[in-house]
Amino acid sequence: MELSELWQATLGEIEVEISPPNFHTWFKHTTLKEVNGDTARVAVPSDFIKEKMVNEYRRVVTSVLHKHADHITGVDFVVQTIAPPALQPIVSGPVVSINNTSNTNGRLKSDYTFDNFVVGQSNRFAFAACKNVAENPGKLHNPLYIYGGVGLGKTHLISAIGNHILRNAPKLKISYVSCEDFTNEFIQSLQLKTVDSFKHKYRNVDVFLVDDIQFLARKEGTQEEFFHTFNALHQSNRQIVMTADRMPKAISDLEERLSSRFGMGMVTDIQTPNTETRQAIILAKCAERGITLDGDIVDYVANHVKSNIRELEGALNRIIGYCQLNRLETTLDNAVKALESFVDQNQMKVEPERVVEAICRFFGVSREDLMGKKRSKELVYPRHIAMYLLRNEVNMSYPQIGNLLGDRDHTTIMHGFGVINRGISQSDTLQTEITHLKELITSPNF
Ligand code: ADP
Ligand code: MG
């Protein structure tokens, strides 16, 4: 069997074994390069994909290959980047001939680059995916969809893609917009009867970067327009990158045809940074400003400001500002003082009652039933979620949660917490529900 035939047969089988989006994302640009003795060598388009292959798909690839060619018992992966440069710029039409800088309307912040983005466990995949896209726009992951909570670096990364392309492929037309700006511009074009030029503008870019796409929720007219823009660009292999605060499916009131398209290419998340990453970011931000902070201050900040990187920067500014203003040395004591109010505010407490109330409303169960002893599925599930949220969002101990939820034993709470904690990675529905609930309990309108 020819190598290409063997690989086609292998892919055919892998495709039915793993989910279509996964197959699409990881296997699309792979080829079988050679078979050396008992080892097959598979070429993949990036380090990022290689890592995923080695860690997750090596076994299935090996076993399917082995089935077709039984002398093959091992696989290794090599990176072979896709040449030539991705896109030819669109031939200019009347409105199209705007140059890059004016085309991005100066909205793209030039200091958000890959170089000053600190990479850690929480953002490694997202970073790699963005870098791949910046180097091969329209080729690899299209669309690229990045999601994560506030202040975790989404705008930084999507802007870094734009800045990278501006520098390295200056002929490509880039459009960076926040979804809100896109919406407002669209509405304005309806009022001013300039819809045609609006359409023309966005359907004729090489790289379309849309920040905070969750704002499309409930805007039917704009969704319709966005749908057509998306299709026009995607069909002609123009790169689309979107960020959002949640997964496509979790954006409520977003048409299904859009959410399914958003998930068609690469979907990757950014998580909250761990302690090491927070420390690294603090050090990097200090270096940028040309200051040094003692290790114990860095540790203190990293240990007390955990929610996101914007808060981290805020804390740092606060320490520097406080010490300068009061002509104090930057010692740990002074840093702690500077942060006193800040840290409290940052760790704003969610009241346990809010969680209980949110669960009852969300699942339509009564307080008595939630706290009570009935064990029907309709009650056990919300109860488990309550345990999980009280632990994670309110930082209550297991015995405290047990007390609150109708005098239950702490082992029961641990069990319930564990069920949800494990379930989240396996169930999109559960993940979506948790996201909604978190929103609900932190929403000022609730
Ligand atoms: P988001 O769009 O996810 O709300 P931003 O991209 O605006 O978050 O990031 C908030 C701030 O934190 C920005 O100033 C950004 O430069 C900084 N930041 C976020 N992640 C990193 C990182 N990994 N390395 C360095 N700075 C970061
Ligand atoms: Mg942002």
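Look up: the structure comes first, before these words.
Residues numbered from 1 in each chain as written. Chains lettered and ligands numbered in written order. Predicted model: local features only at pLDDT ≥ 70, side-chain atom pairs only at ≥ 80, totals over all residues. Heavy atoms only, no water.

Engineer: What is the right way to read the overall build of the protein chain from this model?
Structural biologist: A tally of helices and strands in the protein chain yields 20 helices and 8 strands. Here the protein chain, with 446 residues, has 47% of them falling under the buried criterion. Long-range contacts, defined here as pairs at least 24 residues apart, represent 73% of the contacts in the protein chain between residues at least 6 apart. Of the roughly 22200 Å² of accessible surface on the protein chain, a fraction of 49% belongs to carbon and sulfur atoms. Side chains of the protein chain give 49 positive and 53 negative charges; the mean places of these two sets differ by 2 Å. (Helix = DSSP H or I, 4+ residues; strand = E, 2+ residues; numbered from the N terminus. Buried < 20%, exposed > 50% of the residue type's maximum accessible area, 1.4 Å probe, protein only. Contact = heavy atoms within 4.5 Å. Areas by Shrake-Rupley, 256 points an atom, 1.4 Å probe, with all protein chains shown as cover. Lys, Arg positive; Asp, Glu negative; His and termini not counted. Charge placed at Lys NZ, Arg CZ, Asp CG, Glu CD.)

Engineer: How should I be thinking about the pattern of salt bridges in this particular structure?
Structural biologist: Two side chains with opposite charge may pair up if their charged atoms get near one another. Counted under the stated rule, the structure contains 20 salt bridges. Among the ionic pairs, Glu34 bridges to Arg41, the shortest N-O distance being 3.6 Å. The partner of Glu225 in a salt bridge is Arg203, and the shortest N-O contact between them spans 3.0 Å. Of this pair, Glu225 sits in helix H9 (residues 220-235) while Arg203 sits in helix H8 (residues 195-203), placing them 22 residues apart in sequence. Note on Glu225: relative accessible area 5%, which makes it buried. Here Arg203 falls in the partly exposed class, since its relative accessible area comes to 26%. Here the salt bridges do not stand alone but share partners, grouping Arg107, Asp181, Glu185 and Lys201 into one network. (Salt bridge = Lys/Arg side-chain N within 4 Å of Asp/Glu carboxyl O.)

Engineer: Help me out: how do you make sense of the state of the cysteines in this one?
Structural biologist: What makes a disulfide is a covalent bond joining the sulfur atoms belonging to two cysteines. Applying the stated rule across the entire model yields 0 disulfides. Cys130 takes part in no disulfide bond, and the closest cysteine sulfur to it belongs to Cys179, at a distance of 18 Å. Take Cys130: its relative accessible area is 0%, and that puts it in the buried class. In this structure Cys286 is a free cysteine whose sulfur lies 12 Å from that of Cys323, the closest cysteine sulfur available. (Disulfide = S-S within 2.5 Å.)

Engineer: When you look at H9 in this model, what are you seeing that I'm missing?
Structural biologist: Every α-helix winds through 3.6 residues per turn, so residues three or four apart in the chain are directed the same way. A rise of 1.5 Å per residue sets the reference length of H9, with its 16 residues, at 22 Å; its end C-alpha atoms lie 22 Å apart and thus fit the reference within 8%. If you check which residues of H9 are buried, you get Thr222, Gln223, Glu225, Phe226, Phe227, Thr229, Phe230, Asn231 and Leu233. Those residues of H9 that are buried are in contact with helix H7 (179-191), H8, strand S6 (207-211), strand S7 (239-244) and helix H10 (256-262). (Expected span 1.5 Å × (residues − 1).)

Engineer: Honestly, the sheet that holds strand S5 (residues 174-178) in this entry has me stumped. Any pointers?
Structural biologist: By way of backbone hydrogen bonds, the strands of a sheet pair with one another, either parallel or antiparallel. With parallel pairing, the 5 strands of this open sheet are ordered in space as S5-S6-S7-S4-S8. A single partner strand is all that each edge strand has here, and the edge strands are S5 and strand S8 (266-269). Neighbouring strand axes in the sheet, compared pairwise and without regard to direction, differ in orientation by 10° on average. In the sheet, S5 pairs with S6 via 5 bridges, with the strands oriented parallel. (Pairing = 2+ DSSP bridges. Axes fitted to C-alpha atoms, helices over the stretch in contact; angles between N-to-C directions.)

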